[in-house]
Amino acid sequence: MTQKHTPGPWTYRFRSGGTTIEPENDDRVLAVVRITRDVGDADANAKLIAAAPELLAACRNALDALYLMGDDESHLAYRQAAVKELEAALAKATSPQAR
């Protein structure tokens, strides 16, 4: 699968007017989270966005691990639900049509 985003890790920095999301070793700005009425929400959103590359990698790794697990009946329903959820999240993160 070809990577179509700026490689991580990303970080966030507080600046006047908003919080920027940037590559960890680069000053380019990838995104700006504007401060709204609730500064706590902006901070939480910035942290989530900055964690996106690591979250994407973790989802891919977890999905690979779930694919390799056996079909033990005692865990089958959990495994199927987890696979479905991870596939949907990865599709949302990597699909050109996703918003």
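In this text the structure is predicted, and so the values were computed from the model without any measurement.

Caption draft 1: Layout of the nonpolar core. Counting seven residues, the largest nonpolar core is built from L56, L63, L66, A82, V83, L86 and L90. Counting only elements with at least two residues in this core, the list comes to α2 (52-68) and α3 (73-94). Ranked by the residues each element gives to this core, the list is headed by α3, at four residues. Leaving out residues up to four positions away in the same chain, L86 has contacts with C59, A62, L63 and L66. Counting residues in hydrophobic clusters, the runner-up holds six residues, among them W10, V33, A42 and A46.

Caption draft 2: Fine view of the sheet that holds strand β2 (residues 18-23). Strand order in the open sheet formed by three strands is β1-β2-β3, and the pairing between neighbours is antiparallel. The outermost strands of the open sheet, each flanked by one partner alone, are β1 (10-15) and β3 (31-34). Along the sheet, successive strands turn relative to each other by an average axial angle of 25°, direction set aside. As defined by bridge partners, β1 adjoins β2 across six bridges and the pair is classed as antiparallel. Following the sheet pairing, Y12 is matched in β2 by I21.

Caption draft 3: Structural view of α3. Between the first and last C-alpha of α3 there are 31 Å, a value that for 22 residues agrees with the 32 Å anticipated at 1.5 Å per step. Residues L76, R79, A82, V83, L86 and L90 constitute the buried set of α3. For α3, the elements touching its buried residues are α2.

Caption draft 4: Representation of the pattern of salt bridges within the structure. Tallied over the full model, the rule gives three salt bridges. A salt bridge links R13 to D27, with the nearest nitrogen and oxygen atoms 3.4 Å apart. With a gap of 14 residues between them, R13 in strand β1 and D27 in the loop between β2 and β3 connect regions that are remote in the sequence. Taking relative accessible area as the criterion, D27 reaches 59% and is therefore assigned exposed.

Caption draft 5: Structural view of the packing of aromatic side chains. Using the criterion set out here, one finds one aromatic pair in the structure. Centre to centre, the rings of Y12 and F14 are 5.7 Å apart; their planes meet at 90°, and the pair counts as edge-to-face.

Caption draft 6: Just the environment of L86, in detail. On the secondary structure map, L86 appears in helix α3. A relative accessible area of 14% means that L86 is categorised as buried. In this structure the C-alpha to C-alpha distance between L86 and L63, which are 23 residues apart in sequence, comes to 6.4 Å.

Rules behind the numbers
- Think of each chain on its own: its residues are numbered from 1, step by step along the sequence as written.
- Side-chain atom pairs in this predicted model are given and counted only at pLDDT of 80 or more, local residue features only at pLDDT of at least 70, and totals for whole chains, interfaces and linings cover all residues.
- In computing side-chain values, all of the structure's heavy atoms are included and hydrogens and water are not.
- Here the nonpolar core consists of buried residues drawn from Ala, Val, Leu, Ile, Met, Phe, Trp, Tyr and Cys, with membership extended through side-chain atoms lying within 4.5 Å.
- Type-normalised accessible area, obtained with a 1.4 Å probe on protein chains alone, sets the label of each residue: buried when under 20%, exposed when over 50%, and partly exposed for intermediate values.
- Under the scheme used here, helices are H or I runs from DSSP no shorter than 4 residues and strands are E runs no shorter than 2 residues, and both carry numbers assigned from the N terminus.
- Should any heavy atoms of two residues lie within 4.5 Å, those residues are considered in contact.
- A pair of strands is considered paired only if DSSP assigns at least 2 bridges between the two.
- The convention used is that axes are lines fitted to C-alpha atoms, helices contributing only their stretch in contact, and that angles between N-to-C directions extend from 0 to 180 degrees.
- Expected span, for any helix, means 1.5 Å times one less than how many residues it has.
- Whenever a carboxyl oxygen of Asp or Glu lies within 4 Å of a side-chain nitrogen of Lys or Arg, that contact is scored as a salt bridge.
- A pair of Phe, Tyr and Trp rings is counted when the ring centres sit within 6.5 Å of each other, with Trp represented by its six-membered ring. The angle between the planes then sorts it: under 30 degrees is stacked, over 60 is edge-to-face, the rest tilted.

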